[in-house]
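Descriptive structure summary
Chain by chain, the residues run as shown.
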Amino acid sequence: MMAGRTWMVVLLAAVVIGCYIYFDGYDPESLRGARVVVTGCSTGIGEQMAYHYARLGAKVIITARREARLKEVVAKMKDLGAQEAIYVAGDMAKAEDCERTIKTAEEKFGGLDYLVLNHMGSSFKREGLSLWDGDMAFLEDFTNINYLSYVRLASLALPMLEQSNGSVVVVSSLLGKITGTFVAGYCGVKFALDGFFGSLRQELQLKKADVSITLVVLGLINTEQAMNAAKVMGAEDLAKTIALSAEDAAVAIIRSGAVRQRELYYPWIMVWPLAKLRPVFPQVLDWMEVQKSA
Ligand SMILES: *[C@@H]1O[C@H](CO)[C@@H](O)[C@H](O)[C@H]1NC(C)=O
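As named in an unreviewed UniProt entry, the protein chain is HSD11B1L protein, taken from Branchiostoma lanceolatum.

Now the structure itself:
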């Protein structure tokens, strides 16, 4: 009898938690006409986010370096129902290209509701994974494109976002929550995003500015970049089996931004337990990483 009641309580709790997670007040209609900037849209999750915002009827500016590719993505966005689809071809490592992107939102949309920071410059050192070798020239470029440009774009967009009570969505990685061998440069940059945008969130609260910041902690997603990295590690087949699709990731990210979620762990079961292991048992994580890499 007691056991039966315990199970009832557990089941009820599971249902309540499930509902809490699922019914987050997401209203896809809220994105109709929303003014959005998404960076890094030539492939992968960025491209899929562009299509999903388009389906929801948003007004979207997308960026990437390759203009020919952007033209194709914009054409498809229009077919899918974007109220507006505009591209800015540029290199976010350059300050003037960041400025041009945010200026375009100001000129074409007269404001901004969502800034989705997603671009990624050369994800792992040259084609391979390697021990940190002190190559500062590489790290300076890497930090510029993957960290400083995020801060720059957010800083430029913040006045408009404060006006609209908008949102910043920062696409990061499990490697922004745990460290790993062969990825010191990458982890440094992704941890920096958590540090900067975590502080910014507090400062916005202090200023009573209603701008939400969502940090997206991604696990393995089936993108070209992730699969290339897996290939280097000799784990391509495994990676292809367990990776989730870029399309599903894009939908989850857009939803988390729209409900102003503080952090999104996606896929939850792959990233949340590991992310929480580090602060509690850091030595266990160190051991696991070294075993895996040895
Ligand atoms: C933003 O939020 C403030 C207070 O929370 C509100 O007074 C203001 O009208 C909102 N602005 C917009 C554009 O929704």
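Topic: the sheet that holds strand E1 (residues 35-38)
If you walk across this open sheet you meet the seven strands as E3-E2-E1-E4-E5-E6-E9, and the pairing is parallel. Two strands bound the open sheet, and with one partner strand each, they are strand E3 (84-89) and strand E9 (263-266). Across the sheet, the axes of successive neighbouring strands diverge by a mean angle of 15°, strand direction being ignored. For strand E2 (residues 59-64) and E3, the ladder comprises six bridges, and the chain directions are parallel. The residue bridging Ile61 from the neighbouring strand is Ile86, located in E3. Running over the sheet, helix H3 (residues 67-80) touches E2 and E3 and is turned about 170° from E3. Where helix H4 (residues 95-109) meets the sheet, it contacts E1, E2, E3 and strand E4 (114-117), and its direction lies at approximately 155° from that of E3.

With respect to the pattern of salt bridges
Summed over all chains, the structure comprises eleven salt bridges. Taking the shortest distance from any N to any O, the salt bridge between Arg32 and Glu29 comes out at 3.1 Å. Close ionic contact of Glu47 with Arg69 constitutes a salt bridge, the shortest N to O distance being 2.7 Å. Taken together, the residues span a long stretch of sequence, with Glu47 in helix H2 (residues 44-55) and Arg69 in helix H3 at a distance of 22 residues.

Some details on the environment of Ala294
Positionally, Ala294 belongs in the segment after helix H11 (282-293). Between the C-alpha atom of Ala294 and that of Thr181, which follows or precedes it by 113 residues, the distance is 9.7 Å.

Let's talk about unusual backbone geometry
Of note, the bond from Tyr266 into Pro267 is cis; its omega dihedral lies within 30 degrees of zero at -10°. The backbone of Phe182 sits at a positive phi, close to 70°, despite the residue not being glycine. Structurally, the position occupied by Phe182 is in the loop between strand E5 (167-173) and helix H6 (184-206). In this structure Phe182 comes out as partly exposed when scored by relative accessible area, which is 31%.

Rules behind the numbers
Residues numbered from 1 in each chain as written. Predicted model: local features only at pLDDT ≥ 70, side-chain atom pairs only at ≥ 80, totals over all residues. Heavy atoms only, no water. Pairing = 2+ DSSP bridges. Helix = DSSP H or I, 4+ residues; strand = E, 2+ residues; numbered from the N terminus. Axes fitted to C-alpha atoms, helices over the stretch in contact; angles between N-to-C directions. Contact = heavy atoms within 4.5 Å. Salt bridge = Lys/Arg side-chain N within 4 Å of Asp/Glu carboxyl O. Buried < 20%, exposed > 50% of the residue type's maximum accessible area, 1.4 Å probe, protein only.

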